[in-house]
Amino acid sequence: MLSKGFEIEVYTGTPQGEVVGMADKIVAALDGFVREPDNRNVEYTTPPCYRYERSLCDLVLPRFRVRQYLQQFGDYTLIPGSTLALGGADRFHRSDPGNPYHDYIEQTYGTKVVTASVHINVGISNPDLLMRACRLVRVEAPLYLALSAASPWFNGKTTGSHSTRWAVFPKTPAHVPLFESHAHFIRWTEEQLALKTMQSVRHLWSSVRPNGDRRPYNLNRLELRICDLVSDPIALLAITALLEARLIQLINDPNLDPLKLSELPATTRAEALIDLTDANEERAAQSSLEAELIHWRTGKPILAKDWVEELYAEVWATAKQQGFSCFLLPLKKILREGNEAQQWLKLEAQGWSKQQILMQAIGQMQTKELEFQADLCQPVGA
């Protein structure tokens, strides 16, 4: 098995769904939390871990600590979803007014980047294997977006996208190639820094990127950045299990590489795969599991949910052999009942208001976490 860790961004606010900035207080009082440029969402990171049972607790316990801490200021909680759903997108709420990088973020992007998401990190230390993994995950990233979509609303409006977050998020730089080798990644990163299309090595905002302690030179993990915030930890672990099983497949079969295996014409394959994938990301952001995508291997259309079903069947034996196939099972529920965005839109079509739907989701998120904390994870401070 591979090591896994998560970076979780989440909004703070009221049980009525109003997003209220608390990040500066949380970061000052609690270890393990870092501030985002806007004060209304806060980030925590889980340590690298091999076992899914441990990852579940690593995901839940920091949220429990935040909820406890926020109670001293009144009735505040954590809010699911990946955009400012009910309002507040007219201006930035700075978490650290003296930070020059935050100046740049606010002036360049505005509230387009005030989103909440999950970044899934998987440990791969061999740089050439890591580049191959990034190529495969890049062309399949739209499927992880389709499974996780949770932002159908923005600033009080239904946008027409299941992941409004990824539909508006400023992918940076605008064009990111499929890196053919570690040397290619180093050369390209140095070029972008010289051209100022990236402000720093951190300023690579694409669906997936190689990551490590000294980018682009020392790398030790793949970071999948495309997922909306998945508020149910069990659903998030299922998505992660699909990713891990796919990567183990790749480790066992080096030919599982889009640059080798795709049936697109060899002379233009690298660029064609990028164009195809960018279009797939846009379609997945709009219609998630109902999106018609183009398969990177055949160049033929396929519904996102059918493609996920195919991958599920393909990786099941790998996950079973590694002992984590039970964590894949909840994918079936997502495919059957829809992701969070689809469930919310279904309730909206039945006449529920956005606020009613969000209030129910806030309650469900808190109830689930309390159950996990009580039944499976050590009590805080124990």
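Overview of the structure. (Residues numbered from 1 in each chain as written. Predicted model: local features only at pLDDT ≥ 70, side-chain atom pairs only at ≥ 80, totals over all residues. Heavy atoms only, no water.)

## Focus: the overall build of the protein chain
What the protein chain contains, in helices and strands, is 13 helices and 11 strands. A compact globule built from 382 residues would reach a C-alpha radius of gyration of about 21 Å, and the protein chain, at 20 Å, matches this within 12%. Seen through its principal axes, the protein chain has C-alpha atoms that stretch 60 × 45 × 45 Å. Burial analysis of the protein chain (382 residues in total) assigns 57% to the buried set. Partitioning the intrachain contacts of the protein chain with sequence separation of at least 6 by distance along the chain shows that 72% fall at a separation of at least 24. Only carbon and sulfur atoms are counted for the fraction: they give 50% of the accessible area of the protein chain, which is about 15,700 Å². Taken together, the 40 basic and 45 acidic charged side chains of the protein chain have centroids lying 1 Å from each other. (Helix = DSSP H or I, 4+ residues; strand = E, 2+ residues; numbered from the N terminus. Rg over C-alpha atoms; globule rule 2.2 N^0.38 Å. Buried < 20%, exposed > 50% of the residue type's maximum accessible area, 1.4 Å probe, protein only. Contact = heavy atoms within 4.5 Å. Areas by Shrake-Rupley, 256 points an atom, 1.4 Å probe, with all protein chains shown as cover. Lys, Arg positive; Asp, Glu negative; His and termini not counted. Charge placed at Lys NZ, Arg CZ, Asp CG, Glu CD.)

## Quick notes on the environment of V42
Along the chain, the position of V42 falls in strand β3 (residues 41-45). For the pair V42 and I8, spaced 34 residues apart in the sequence, the C-alpha separation amounts to 8.1 Å. With residues up to four places along the chain from it excluded, the contact list for V42 reads I8, E9, V10, A23, I26, V27, F33 and V34.

## With respect to the state of the cysteines
By definition, a disulfide links the sulfur atoms of two cysteine residues through a covalent bond. Scanning the model with the defined rule gives one disulfide in all. In this model, C57 is linked to C377 through a disulfide, with the two sulfur atoms separated by 2.2 Å. Torsion about the S-S bond of the C57 and C377 cystine: about -90 degrees, corresponding to left-handed handedness. Placement of C57 in helix α2 (residues 52-70) and of C377 in the segment after α13 (354-375) is noted, with a sequence separation of 320 residues between them. For C377, a relative accessible area of 6% corresponds to the buried category. Here C227 is not disulfide-linked; the sulfur of C134 is the nearest cysteine sulfur, at 14 Å. The exposure class assigned to C227 is buried, which follows from its relative accessible area of 0%. (Disulfide = S-S within 2.5 Å.)

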